[in-house]
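Structural overview
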Amino acid sequence: MYDFSNFGFGTRAIHAGQEPDETTGAIMTPIFQTSTYVQESPGKHKGYAYARGKNPTRSALEQNIASLEKAKYGLCFSSGMGAIDTVIKLLKPGDEVIATQDLYGGSYRMFTKVFEPLGIKFKFVDLYDASNLLKHVSDSTKLIWIETPTNPTLQIIDIAAIVENVKGKNILVCVDNTFASPYLQNPLLMGADVVMHSATKYLGGHSDVVMGALCINDTALFEKLAFIQNSCGPTPGPMDSFLVMRGIKTLHVRMDRHCYNGKEVAQFLKSHPKVGKVNWPGFADHPNHDIAKKQMKDFGGMLSFSLKDDNIETAFEFAKSTKVFSLAESLGGVESLISHPASMTHASIPKEEREKSGVSDSLLRISVGIEDANDLIEDLKQALN
Ligand SMILES: *Cc1c(COP(=O)(O)O)cnc(C)c1O
């Protein structure tokens, strides 16, 4: 396998982990639709025994994603939640996790409804100021779970500062890098131990597949995670692996357009008389704008905003009247989506918790796609009228 590790992002996105098929020369990695592999003699095989453990299509994708995150190892999962589940299973009862307060609703649900009853403790902390972390770390703290930019209020957490704060304490730092994608941000280079992705979003990029990924540098940690993955079984199939691999080949080109359109839409919304607060890390008055500039290549295509007429019916009316933006959960695809976090992605978080983290009843979240920026702005304009 040719080593692409010193090449630029676009070259790695297209080539890393992949080479022409040995038997046919096919340039695309084949979809190895098989559950088992024939052995020459018991235990003697070509590295593949049973497809829950390993599949060649998935292996190519895992190496590709690892290369994008500048990681030694990659692991792919049947969903982002499957990846998160595997990380939390590193812990045992009594261990404590400190997580960002503003969090993907599904992560919050898994932490509080699945793992808390099994004896793992979770604290949800505002990490906008990274030094806040120190007030909450105890001898039981074993994992810091960060999302940045956060979902859906687009807060920025200083990854390097968080890592610095727990240095030498034997605490893992895991970053859910779904919103930024590896094109905009590489948390392992800032000292994080694990990077998690919902590859369903920007990596896949076409709203046609559900997948998760982890990237790791430490060999012992990788082996533990791979062991849990193979033991518990949240592995993706070869067809899904192929789809994500194909999606990633255009990640850098898509992200540039997401960022450009995101900026256009953010500026339009900010200037509109009916729009209240617009959350987008590219604004100079965004609370952690300087940190975003430091740790991200650009500001991404996600933003959220409230309406001046701050009530749920007005927000619903708006969300229903866009024509180019579709009302749907998820994000990171080529098409623009709009969602209402309080009733959709974040409905499982109690109202007081939600409002503490800025998810008001009228907050709307937008995943800016890669259509023509003018059409997106015209669509928002007519919906606001
Ligand atoms: C979607 C998402 C997840 C969950 O991933 P799935 O692929 O839907 O299981 C986790 N974190 C973030 C930030 C997400 O947007």
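Within each chain, residues carry numbers counting from 1 in the order of the written sequence. Thresholds applied to this predicted model are a pLDDT of at least 70 for local features of residues and 80 or more for the giving and counting of side-chain atom pairs; totals over whole chains, interfaces and linings are not thresholded and use all residues. To obtain the side-chain values, all non-hydrogen atoms of the structure were used and water was disregarded.

**Thoughts on the overall build of the chain**
- In terms of helices and strands, the chain carries 13 helices and twelve strands.
- For the chain, the C-alpha atoms occupy an extent of roughly 70 × 50 × 35 Å along the three principal directions.
- Note on exposure labels: buried denotes an accessible area under 20% of the residue type's maximum, exposed denotes more than 50%, and partly exposed covers the range between, all computed with a 1.4 Å probe on protein chains only. Counting over 385 residues, the chain shows a buried share of 56%.
- Two residues qualify as a contact provided that any one of their heavy atoms is within 4.5 Å of a heavy atom in the partner residue. Considering only contacts within the chain whose residues lie at least 6 apart along the sequence, 73% involve residues at least 24 apart. Comment: elements are numbered from the N terminus, with helices defined as DSSP H or I runs of at least four residues and strands as E runs of at least two.

**Notes on the domain arrangement of the chain**
- By the assigned domains, the chain splits into domain 1 (9-248) and domain 2 (251-384).
- Each of domain 1 and domain 2 has a C-alpha centre, and these two points are 25 Å apart.
- Contact with domain 1, which involves 42 residues of that partner, is made by 44 residues of domain 2.
- Here's the idea: put two parts together, see how much 1.4 Å probe accessible area each one loses, and the total over both is what we call buried area. With both sides pooled, the region where domain 1 packs onto domain 2 buries about 3500 Å², and carbon together with sulfur makes up 61% of that total.
- Contact with domain 2 buries surface across domain 1, with Y183, L184 and Y202 losing the most and accounting together for 23% of the total.
- As used in this structure description, the phrase polar contact means that two N or O atoms lie within 3.5 Å; if the pair is within protein, one of them must be able to donate a hydrogen and the other to accept it, and residues adjacent in sequence are counted only when both atoms belong to side chains. Put simply, domain 1 and domain 2 have 16 residue pairs in polar contact (both at pLDDT 80 or more) between them. The start and end points of each domain follow an automatic or database-based domain assignment.

**Here we look at the pairing of strand β7 (residues 212-216)**
- Of all five residues in β7, five are buried, a share of seventy percent or more.
- With burial as the criterion, each face of β7 is covered, one bearing G212, L214 and I216 and the other bearing A213 and C215.
- Two strands pair if DSSP finds at least two bridges between them. Summarising the sheet, strand β1 (residues 73-77) and β7 pair through five bridges and their orientation is antiparallel. Within β7, the position partnered with L75 by the bridge is L214.
- Across five bridges, the pairing between strand β6 (residues 194-198) and β7 is antiparallel. Within β7, the position partnered with S198 by the bridge is G212.

**Side note on empty space enclosed by the protein**
- As defined here, a cavity is a set of points on a 1 Å grid over the protein atoms alone where a 1.4 Å probe fits but cannot get out. A pocket is an open set with protein on both sides within 12 Å along at least five of seven lines, and residues line them when an atom is within 4 Å of a point. Grid points are joined across faces, edges and corners, and a volume is the space filled by probe spheres set on the points. Under the criterion given, the structure shown has three cavities of 30 Å³ or more.
- Taken as a whole, the largest cavity holds about 50 Å³ of empty space.
- Considering the residues around the largest cavity, the lining is formed by T100, Q101, D102, V125, D126, L127, T150, Q155, I157 and S357.

**With respect to the sheet that holds strand β11 (residues 337-339)**
- Strands sit in the order β8-β9-β12-β11-β10 across an open sheet of five strands; the sheet is mixed. Because the sheet does not close on itself, it has two edges, and the strands there are β8 (275-279) and β10 (326-327).
- Two elements, β8 and strand β9 (residues 302-307), share three bridges in a ladder whose sense is antiparallel. Directly across from N279, in β9, lies its bridge partner S304.

**A look at the packing of helix α3 (residues 80-88) against helix α4 (residues 105-115)**
- Axis definition: a line fit to C-alpha positions, over the contact stretch in the case of helices; interaxial angles, taken between N-to-C directions, run 0 to 180 degrees. The interhelical angle for the contact between α3 and α4, taken along N-to-C directions, is 45°, at an axis separation of 11 Å. As summarised for this structure, α3 and α4 are arranged oblique, according to the angle between their axes. Note on packing geometry: the crossing formed by α3 with α4 is right-handed. Between α3, through M81, I84, D85 and I88, and α4, the contact on the second element is made entirely by G106, S107, M110, F111 and F115. What sets the label is the angle itself: under 35 degrees gives roughly parallel, over 145 gives roughly antiparallel, 65 to 115 gives roughly perpendicular, and the rest give oblique. The handedness criterion is simple: a crossing whose near helix is rotated anticlockwise from the far helix by less than a right angle is left-handed, and one whose near helix is rotated clockwise is right-handed.

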